[in-house]
Amino acid sequence: VLYDVMEWLGDNVPEEYPHTLVHGDYKLDNVMFGPGTPPEIVSLFDWEMATLGDPFTDLGWMLSYWWDGKDPDPPDATESLTTNFMAGSAYLTREELVDRYESATGFEFDNPRFYRVLAVYKLAGLGEMFFRRYLEGNSDDPMYPKMRHGVPQLADRAQRIIDGEEPL
């Protein structure tokens, strides 16, 4: 399935996109909120992958971690890579999050399927690296052996997004 996803990505790369500073690992656990209400972002962490590029890659990455109430439960094998706490009513849906992003940036997120599939594909690539480290015996992280099943589950998720079975 992962090769099919890779081929689909190659066939669907957007030709045009804005060019901005890109964080590279933008998600909730790399954000610090201040104590006020409503919550306000006061800091962003983990900038080591920052570069100039397509800002929609950051949005797609964050959306890959953003579980909606209508989604199936995250696979057990990827529990450290996914979570579903934001499916609660206090959090925006992915659609509402994209609407807020578009309003704040003035950019139109025209290819959400591509960017979400790309993000899940990248997560599968990370999972492969984790599993390789487990096989080599150079990590004792309990998540790494779970990637034997986690990577195929991520590939299946990417395919579900392609097929429209996990909509924005």
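Residues numbered from 1 in each chain as written. Predicted model: local features only at pLDDT ≥ 70, side-chain atom pairs only at ≥ 80, totals over all residues. Heavy atoms only, no water.

Visitor: Can you break down helix 5 (residues 147–162) residue by residue, with the values?
Guide: Counted at 1.5 Å a residue, the expected span for helix 5 with its 16 residues is 22 Å, and the 22 Å between its end C-alpha atoms agrees. Residues of helix 5 that are buried sit in contact with helix 1 (2–11), helix 2 (55–65), helix 3 (94–105) and helix 4 (112–136). Gly-164 occupies a position one or two residues after helix 5 and carries a positive phi of about 80°. (Helix = DSSP H or I, 4+ residues; strand = E, 2+ residues; numbered from the N terminus. Expected span 1.5 Å × (residues − 1). Contact = heavy atoms within 4.5 Å.)

Visitor: Help me get a handle on the pattern of salt bridges, residues and values and all.
Guide: Per the stated rule, a full pass over the model turns up nine salt bridges. The partner of Arg-94 in a salt bridge is Asp-68, and the shortest N-O contact between them spans 3.9 Å. Highlighted residues: Arg-94 in helix 3 and Asp-68 in the loop between helix 2 and helix 3, separated in sequence by 26 residues. The exposure classification of Arg-94 matches that of Asp-68, with both residues buried. Salt bridges sharing partners connect three or more residues here, namely Asp-68, Lys-70, Asp-71 and Arg-94. (Salt bridge = Lys/Arg side-chain N within 4 Å of Asp/Glu carboxyl O. Buried < 20%, exposed > 50% of the residue type's maximum accessible area, 1.4 Å probe, protein only.)

Visitor: Could you give me a rundown of a nonpolar patch on the surface, with the residues and numbers involved?
Guide: Side chains of Leu-21, Trp-47 and Leu-52 sit close together on the surface and give an oily, nonpolar patch of about 360 Å² of accessible area. Along the chain, the position of Leu-52 falls in strand 4 (residues 51–53). (Patch = residues over 30% accessible without salt bridge, like charges linked within 9 Å, V, L, I, M, F, W, Y side chains within 5 Å. Areas by Shrake-Rupley, 256 points an atom, 1.4 Å probe, with all protein chains shown as cover.)

Visitor: Run through unusual backbone geometry, naming residues and quoting values.
Guide: Here the amide bond leading from Thr-37 into Pro-38 is cis, since omega sits at 0°, within 30 degrees of zero. Counting through the fold element by element, Pro-38 comes out in the loop between strand 2 (31–33) and strand 3 (41–44). Unusually for a residue other than glycine, Asp-46 sits at a positive phi of about 60°. Judged by its relative accessible area of 36%, Asp-46 falls in the partly exposed class.

Visitor: I'd love a proper account of the packing of aromatic side chains, names of residues and values included.
Guide: If you walk through the whole model with that rule in mind, you get 11 aromatic pairs. Measuring from ring centre to ring centre gives 5.5 Å for Trp-61 and Tyr-65, while their planes differ by 65°; the resulting arrangement is edge-to-face. Taken together, the residues span about one helical turn, with Trp-61 and Tyr-65 both in helix 2 at a distance of four residues. Under the relative-accessibility criterion, Trp-61 is labelled buried at 5%. With a relative accessible area of 12%, Tyr-65 lands in the buried category. On the basis of an interplanar angle of 85° and a centroid distance of 5.1 Å, the ring pair of Phe-114 and Tyr-115 is categorised as edge-to-face. In terms of burial, Phe-114 and Tyr-115 fall into one category: buried. In this structure an aromatic cluster arises from ring pairing among Trp-8, Phe-56, Tyr-101, Phe-107, Phe-109, Phe-114 and Tyr-115. (Phe/Tyr/Trp six-rings, centres within 6.5 Å; stacked < 30°, edge-to-face > 60°.)

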